[in-house]
Amino acid sequence: MSTLGKFVHHELLKDDNFIWLREQNTKVLKQAMIDMLSAYKNFFEHHSGFPKFKSKHDNKQSCRFELKTISKCNVYTDYKISLANIRNVKFKCNKKYAEYLEKYKNCIRQATLKRLPCGEYYLSILVDGDLIHQVKETDATAGIDLGVKDFVVTSEGEVFNNPHFKK
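Computed from a predicted structure; not experimentally measured. (Residues numbered from 1 in each chain as written. Predicted model: local features only at pLDDT ≥ 70, side-chain atom pairs only at ≥ 80, totals over all residues. Heavy atoms only, no water.)

### Notes on the overall build of the protein chain
- Along the backbone of the protein chain there are three helices and nine strands.
- Starting at the N terminus, the α and β elements of the protein chain follow one another as α-α-β-β-β-β-α-β-β-β-β-β.
- The buried share of the protein chain, reckoned over its 167 residues, is 20%.
- In the protein chain, the share of contacts with a sequence separation of at least 24, taken over all contacts with a separation of at least 6, comes to 41%.
- Element-wise, carbon and sulfur atoms account for 54% of the exposed surface of the protein chain, whose accessible area totals about 13600 Å². (Helix = DSSP H or I, 4+ residues; strand = E, 2+ residues; numbered from the N terminus. Buried < 20%, exposed > 50% of the residue type's maximum accessible area, 1.4 Å probe, protein only. Contact = heavy atoms within 4.5 Å. Areas by Shrake-Rupley, 256 points an atom, 1.4 Å probe, with all protein chains shown as cover.)

### Here we look at the sheet that holds strand β8 (residues 150–154)
- Strand order in the open sheet made by the three strands is β7-β8-β9, with antiparallel pairing throughout. On the outer flanks of this sheet lie β7 (144–146) and β9 (159–161), each paired with one strand and no other. Each strand axis lies, on average, 15° off the axis of its neighbour in the sheet, ignoring direction.
- Where β7 meets β8, three bridges bridge the pair, whose relative direction is antiparallel. Residue aspartate 145 lies in a different strand from β8, and its bridge partner there is valine 153. (Pairing = 2+ DSSP bridges. Axes fitted to C-alpha atoms, helices over the stretch in contact; angles between N-to-C directions.)

### Section: the environment of tyrosine 40
- Within the secondary structure layout, tyrosine 40 lies in helix α2 (residues 26–45).
- Accessibility expressed as a relative area gives 32% for tyrosine 40, which makes it partly exposed.
- Each C-alpha atom, one on tyrosine 40 and one on phenylalanine 50, is 7.9 Å from the other, the two residues being 10 residues apart in sequence.

### Side note on the nonpolar core
- The biggest cluster of nonpolar side chains holds 14 residues, and the ones touching the most others in it are Phe65, Ile70, Ile81, Leu83, Leu101, Ile108 and Val127.
- Elements with a minimum of two residues in this core: β1 (61–65), β3 (80–83) and β5 (108–115).
- A total of three residues in this core trace back to one element, the largest contributor, which is β5.
- The next biggest cluster of nonpolar side chains, apart from the first, holds six residues, and it includes Leu12, Leu13, Leu21 and Leu29. (Core = buried A, V, L, I, M, F, W, Y, C linked by side-chain atoms within 4.5 Å.)

### Regarding the sheet that holds β5
- Spatially, β1-β5-β6 is the arrangement adopted by the three strands of the open sheet, whose pairing is antiparallel. In this open sheet, the two edge strands, each paired with only one partner strand, are β1 and β6 (121–127). Neighbour-to-neighbour, the strand axes of the sheet open up by a mean angle of 15°, direction not taken into account.
- Sheet topology note: the β5/β6 ladder contains seven bridges and is antiparallel. Each bridged residue has a counterpart across the sheet, and for threonine 112 the counterpart in β6 is serine 124.

See the structure below:
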């Protein structure tokens, strides 16, 4: 990692042909190098598929921000988060997830910002939190019928419609 890091920071960042590398935070570049090294390690040691890397001209653009590049203030109150060079990224989520983010804002591990070909941006936030739900123990039994017309019919008569998704 050190020789690759020296090559990127001392040669590529100073070269005018790679001026687009200067647009990102150095920690984001470091995360990209770690991802690249793990892809090659998986290829050579675990014999997984050949690594596929992104192009700066590709329509599917994404960037992963590690823990040190995320500012966690104002997550719940303003629905904003700051990522490396990008300040006050506004995001939308329902109230339940916003309360969860506020409760575990110190447990945010990473964030991934994606740009879709249509021009929309999506922010995925990885949180290391407690997701255990309390389940009450009971001796009651329930029957579930999976069908074609109706998705699920329970023994209590509750019917769930079959979802029909369109491309």
